[in-house]
Amino acid sequence: MSTSADGAHTESSPPDPGASVDAYAERMLSAALGWIDVMAAYLGDRLGWYRSLAEDGPATADVLAARTGTAPRYAREWLEQQAVSGILVMTPDDGMPASPRFSLPPGPAEALVEHDSLAYLAPLARLFAAVGGRMPELLDAYRTGGGVSWAQFGPDAREAQADLNRPWFGELERVFAEVDTLRTVLSRPGARIADVGMGGGWSSIALAQAYPGLTVEGFDVDEPSIRLARTNADEAGVADRVSFHHADGDGLDRHGPFDAAFAFECLHDMPRPVDVLAAMRRAVRDGGPVVVMDEAVGERLIAPGDELERLMYGFSLFCCLPDGLSHPTSVGTGTVMRPDTLRRYARDAGFARVEILPIEGFSFFRFYLLTG
């Protein structure tokens, strides 16, 4: 699976489970190289090396280290690894042949530095680095049936989740313009909506920016995410119309009614999704729309699967399912919430109908409209 500058994803052929031992060994070695690329990207992202190369220009190891307050020897090793891997371009310095200069080409720069680009993927490295730091806890959870909470995964995971989705939320106005029900509600002067599980708040902020007459109330159970969302809203200049509350879905009853309610890529993480959907149904006035955006996985399990399914099971194994199971009485949905699972949750929550909205090519996501 590859990602173009406009965010489109293309699939490659699924792996062959009947491959020879040599073919499987080659696959494992290729996977190890991919892991190295991801973790090296984490270093470059968190240490500011990519951003310095993109904004300040080419550098030797000594220059890059001085710019970023890092150790020259480590900077040299990382620069050489990135050049050997075909990410950076190395140019010998005629005056100092032992100190080549390294530059970051435009393509990798956009994917690694430009947080508004639909191709921005540096946060992916942060997410998997956060997961790697919790492997002992994950092993224990897999043995006992317990979980590893979002709070345990820490700031890297929290910020990565928010930053990965941020550029896509900037596209909501465009795609909602094609859905009469949503465009009408969101454009109505004085409209008030709920954003359940809003995380870093970028969905709430994007909707407030797109619809000047709209007020957005965000809800989340993670206090650090709420603090992050409030900071983001202040910096975006929409804090007068966007507010955030420390509450689960039940908290909607205290703050409603709303003209519409949204849950952007969060329902599969929730321990009690039916209760949350039922609260969203009660919170909207006059049968207003309830929209769930979640992963665009297949209708059913197919093995071997495509790269999207493999990626989603990866998120589920290491992050979403352990987080969901860290709460008592969790249903343990996991990332791979297939359409029939969502339909069942919606029916149990009292909705009469679930419609898949005709929004295509929106990252890895599918939009559901719940009514009734």
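Since the model is a prediction, treat every value here as computed from it, not as a measurement.

Evaluation of the coordinates by the stated rule reveals eleven aromatic pairs. Summarising the aromatic geometry, the rings of Phe169 and Phe264 are spaced 5.4 Å apart at their centres and angled 65° between planes, so their arrangement reads as edge-to-face. Remark: Phe264 occurs in strand S8 (residues 260-264) and Phe169 occurs in helix H8 (residues 150-169); sequence separation between them is 95 residues. Residue Phe264 is classed as buried on the basis of its relative accessible area of 5%. Here the aromatic residues Trp168, Phe169, Phe176, Phe262, Phe264, Phe362 and Phe367 are joined through ring pairs into a cluster of three or more. The lysine or arginine in question, Arg166, covers the ring of Trp202, its NZ or CZ lying 3.8 Å from the ring centre.

What follows concerns the side chain of Asp45. Within the element layout of this structure, Asp45 appears in helix H1 (residues 21-46). The residues contacting Asp45, other than those within four sequence positions of it, are Tyr50, Ala122 and Arg126.

The next thing to look at is the side chain of Asp323. On the secondary structure map, Asp323 appears in helix H15 (residues 307-324). We note that Asp323 is buried and unpaired, the nearest opposite charge coming from Arg158 at a distance of 9.1 Å.

Proximity of charged atoms lets side chains of opposite charge pair with each other. Enumeration according to the criterion identifies 19 salt bridges in this entry. Salt-bridge contacts for Asp45 lead to Arg126; the nearest nitrogen and oxygen are separated by 2.6 Å. Separated by 81 residues along the polypeptide, Asp45 in helix H1 and Arg126 in helix H6 (residues 122-132) bring together distant segments of the chain. Each member of the pair, Asp45 as well as Arg126, carries the same accessibility label: buried. The residue Arg46 makes a salt bridge to Asp156 at a minimum N-O spacing of 2.6 Å. Placement of the pair is Arg46 in helix H1 and Asp156 in helix H8, with a sequence separation of 110 residues.

Let's shift gears to the nonpolar core. Proteins that are soluble and globular tend to have nonpolar side chains buried together. Of all hydrophobic cores here, the largest spans 40 residues; its most connected members are Phe176, Leu186, Leu207, Phe262, Phe264, Phe362 and Phe367. Apart from residues lying up to four places away in sequence, Phe362 is in contact with Trp168, Glu171, Leu172, Val175, Met293 and Phe367. One finds Ala247, Leu252, Val290 and Tyr368 within the second-largest nonpolar core, a separate group that totals 28 residues.

Before going further, it helps to examine helix H11 (residues 202-210). When you tally the buried positions in H11, you get eight out of nine residues, the bulk of the element. Buried within H11 are the following residues: Trp202, Ser203, Ser204, Ile205, Ala206, Leu207, Ala208 and Ala210.

Moving on, we come to the pairing of strand S5 (residues 192-196). Across the five residues of S5, four count as buried, placing the element largely inside the fold. Of the pairings in the sheet, the one linking S5 to strand S6 (residues 215-220) comprises five bridges and is parallel in character. For Ile193, the partnering residue across the bridge sits in S6 and is Val216. After leaving S5, the chain enters H11 and then returns to the sheet as S6, a path that is right-handed. Note that S5 and S8 share four bridges and pair parallel. For Ile193, the partnering residue across the bridge sits in S8 and is Ala260.

Their axes nearest at 8 Å, the elements helix H14 (residues 273-283) and helix H16 (residues 339-348) cross at an angle of 55°. In terms of their interaxial angle, H14 and H16 are classed as oblique. The element H14 and its partner H16 pack so that their crossing is right-handed. Note on element contacts: H16 touches H14 through Leu342, Tyr345, Ala346 and Asp348, opposite Pro273, Val274 and Leu277. Partitioned by chemical class, the residues of the contact of H14 with H16 number six nonpolar, no polar and one charged.

In this section: the environment of His115. Along the chain, His115 falls in the loop between helix H5 (106-113) and H6. Its relative accessible area of 30% is what places His115 among the partly exposed residues. In this structure, the C-alpha to C-alpha distance between His115 and Arg166, residues 51 residues apart in sequence, is 7.8 Å. Filtering out sequence-adjacent residues up to four positions away, His115 remains in contact with Tyr120, Arg166 and Pro167. There is a polar contact of 3.4 Å between the side chain of His115 and the side chain of Arg166.

The next point concerns the pairing of S8. Here S8 lies mainly inside the structure; five of its five residues are buried. On S8, burial covers both faces: Ala260, Phe262 and Phe264 on one face and Ala261 and Ala263 on the other are all buried. Taking the sense of rotation as the criterion, the β-α-β connection linking S8, H14 and strand S9 (residues 290-295) turns out right-handed.

Our next topic: the sheet that holds strand S11 (residues 365-371). The strand order across the open sheet formed by seven strands is S7-S6-S5-S8-S9-S11-S10, and the pairing between neighbours is mixed. Strands at the two margins of the open sheet, each flanked by one partner only, are strand S7 (242-246) and strand S10 (353-356). For this sheet, the mean inter-axis angle between neighbouring strands, taken without regard to orientation, is 20°.

Parameters at a glance
- Residues numbered from 1 in each chain as written.
- Predicted model: local features only at pLDDT ≥ 70, side-chain atom pairs only at ≥ 80, totals over all residues.
- Heavy atoms only, no water.
- Phe/Tyr/Trp six-rings, centres within 6.5 Å; stacked < 30°, edge-to-face > 60°.
- Helix = DSSP H or I, 4+ residues; strand = E, 2+ residues; numbered from the N terminus.
- Buried < 20%, exposed > 50% of the residue type's maximum accessible area, 1.4 Å probe, protein only.
- Lys NZ or Arg CZ within 6 Å of the ring centre and 35° of its normal.
- Contact = heavy atoms within 4.5 Å.
- Lys, Arg positive; Asp, Glu negative; His and termini not counted.
- Salt bridge = Lys/Arg side-chain N within 4 Å of Asp/Glu carboxyl O.
- Core = buried A, V, L, I, M, F, W, Y, C linked by side-chain atoms within 4.5 Å.
- Pairing = 2+ DSSP bridges.
- Right-handed = clockwise from strand over helix to strand, strands pointing away.
- Axes fitted to C-alpha atoms, helices over the stretch in contact; angles between N-to-C directions.
- Parallel < 35°, antiparallel > 145°, perpendicular 65-115°, else oblique.
- Left-handed = near helix turned anticlockwise from the far one by under 90°.
- Nonpolar A, V, L, I, M, F, W, Y, C, P; charged D, E, K, R; others polar.
- Polar contact = N/O pair within 3.5 Å; in protein donor to acceptor, adjacent residues only side chain to side chain.

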